[in-house]
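Architecture at a glance
Each chain, letter by letter, is given below.
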Amino acid sequence: HDDLSQQLAALSISISALRRRWLQPAELNDALRGLQERTGVVVDHVRDLSHDLHPATLEHVGLIPALRTHCADFARQNRLDVRFSSDETLAPLPRDTAVCLYRIVQEGLRNVAKHAGVRDASVSLTQTPDLVELTIVDRGRGFDQDGAAARRGLGLLSIEERARLVGGI
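These numbers come from a predicted model, not from an experiment.

**Some details on the overall build of the protein chain**
Assigned secondary structure in the protein chain consists of 7 helices and 3 strands. Ordered by position in the sequence, the α and β elements of the protein chain form the string α-α-α-α-β-α-β-β-α-α. Put simply, the protein chain has 169 residues, and 28% of those count as buried. Of the contacts formed within the protein chain by residues at least 6 apart in sequence, a portion of 68% connects residues at least 24 apart. On the protein chain, roughly 11,800 Å² of surface is accessible, and the fraction owed to carbon and sulfur atoms is 54%.

In structure tokens, the structure reads:
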């Protein structure tokens, strides 16, 4: 996503520079053609990124194995100890709910690695007859939930929005 942001920023700068210049029709046409080609590259990048957003393992093996794999991969890549536990008999969940839970784990672990200042975390997924509960725990430094730090980032907002969209709290 960083590369995408850079590409979009470059497009914006190019458009801004183009607006400030007086160009002959042929020059303008060439400049617009170049912008159109660069926009096409960004569109391709967004398409590829959107395809990457849904992990194939979730589709093929289910939520629990996908989460177990993600936690292990994340732990290895970030040199963390991430423990994953779940009810192995978790009833099948709607696709949207499974994707939501997977994305929340991704964001939660990113937050642990980036902000908590600890080297370990745990992720658990349990189910009762009435609900599915996902818990991500670390023993990090924490933050003031009502303070500016909590409002600055999109991570927690994204987690809350995802949960809300599938009827979670």
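**Quick notes on the pattern of salt bridges**
Applying the stated rule across the entire model yields 7 salt bridges. Across the pair aspartate 73 and arginine 76 runs a salt bridge whose closest N-O atoms are separated by 2.5 Å. Taken together, the positions of aspartate 73 and arginine 76, both in helix α4 (residues 63-78) and 3 residues apart, correspond to about one turn of that helix. A relative accessible area of 26% places aspartate 73 in the partly exposed class. For arginine 76, a relative accessible area of 57% corresponds to the exposed category. The partner of arginine 83 in a salt bridge is aspartate 81, and the shortest N-O contact between them spans 3.1 Å. One salt-bridge network, in which partners are shared between bridges, spans Asp81, Arg83 and Asp120.

**Concerning the sheet that holds strand β1 (residues 81-86)**
Pairing between sheet strands relies on hydrogen bonds along the backbone, with the strands arranged either parallel or antiparallel. Taken in spatial order, the 3 strands of this open sheet run β1-β2-β3, and their pairing is mixed. Strand pairing shows two members of the sheet lacking a second neighbour, β1 and β3 (132-138), which therefore form its edges. For this sheet, the mean inter-axis angle between neighbouring strands, taken without regard to orientation, is 10°. Looking at chain direction, β1 and strand β2 (residues 120-127) are connected through 6 bridges and run parallel. Residue pairing for β2: aspartate 81 is matched across the bridge by aspartate 120. Contacts from α4 reach β1 and β2, with the element oriented near 170° to β1. Against the sheet, helix α5 (residues 95-116) makes contact with β1, β2 and β3, and its axis sits at roughly 10° relative to β3, the strand it touches most.

**What about the packing of α5 against helix α7 (residues 155-165)?**
One way to put it is that α5 packs onto α7 with a least axis distance of 10 Å and a crossing angle of 165°. Overall, the two elements α5 and α7 adopt an arrangement that is roughly antiparallel. Note that α5 runs across α7; the crossing there is left-handed. The residues of α7 that touch α5, namely those facing Cys100, Arg103, Ile104, Glu107, Gly108 and Asn111, are Gly155, Leu156, Ile159, Arg162 and Ala163.

**Re the nonpolar core**
Judged by nonpolar contacts, the single largest core of 24 residues is most densely connected at Leu63, Val82 and Leu109. Those residues in contact with leucine 109 that sit more than four places away from it in its chain are His70, Cys71, Phe74, Val82, Ala121 and Val123. Counting 6 residues, the second-largest nonpolar core is a separate cluster that includes Leu4, Leu18, Leu23 and Val42.

**Describing unusual backbone geometry**
The backbone phi angle of arginine 79 is positive, close to 50°, even though this residue is not glycine. Along the polypeptide, arginine 79 turns up in the loop between α4 and β1. Using a relative accessible area of 71% as the deciding quantity, one classes arginine 79 as exposed.

**Concerning the environment of leucine 93**
With respect to the helices and strands, leucine 93 occurs in the loop between β1 and α5. For leucine 93, a relative accessible area of 23% translates into the label partly exposed. Between the C-alpha atom of leucine 93 and that of valine 132, which follows or precedes it by 39 residues, the distance is 9.1 Å. With residues near it in sequence (within four places) discarded, leucine 93 still touches Leu63, Leu101, Gln127 and Val132.

Conventions we followed
- Residues numbered from 1 in each chain as written.
- Predicted model: local features only at pLDDT ≥ 70, side-chain atom pairs only at ≥ 80, totals over all residues.
- Heavy atoms only, no water.
- Helix = DSSP H or I, 4+ residues; strand = E, 2+ residues; numbered from the N terminus.
- Buried < 20%, exposed > 50% of the residue type's maximum accessible area, 1.4 Å probe, protein only.
- Contact = heavy atoms within 4.5 Å.
- Areas by Shrake-Rupley, 256 points an atom, 1.4 Å probe, with all protein chains shown as cover.
- Salt bridge = Lys/Arg side-chain N within 4 Å of Asp/Glu carboxyl O.
- Pairing = 2+ DSSP bridges.
- Axes fitted to C-alpha atoms, helices over the stretch in contact; angles between N-to-C directions.
- Parallel < 35°, antiparallel > 145°, perpendicular 65-115°, else oblique.
- Left-handed = near helix turned anticlockwise from the far one by under 90°.
- Core = buried A, V, L, I, M, F, W, Y, C linked by side-chain atoms within 4.5 Å.

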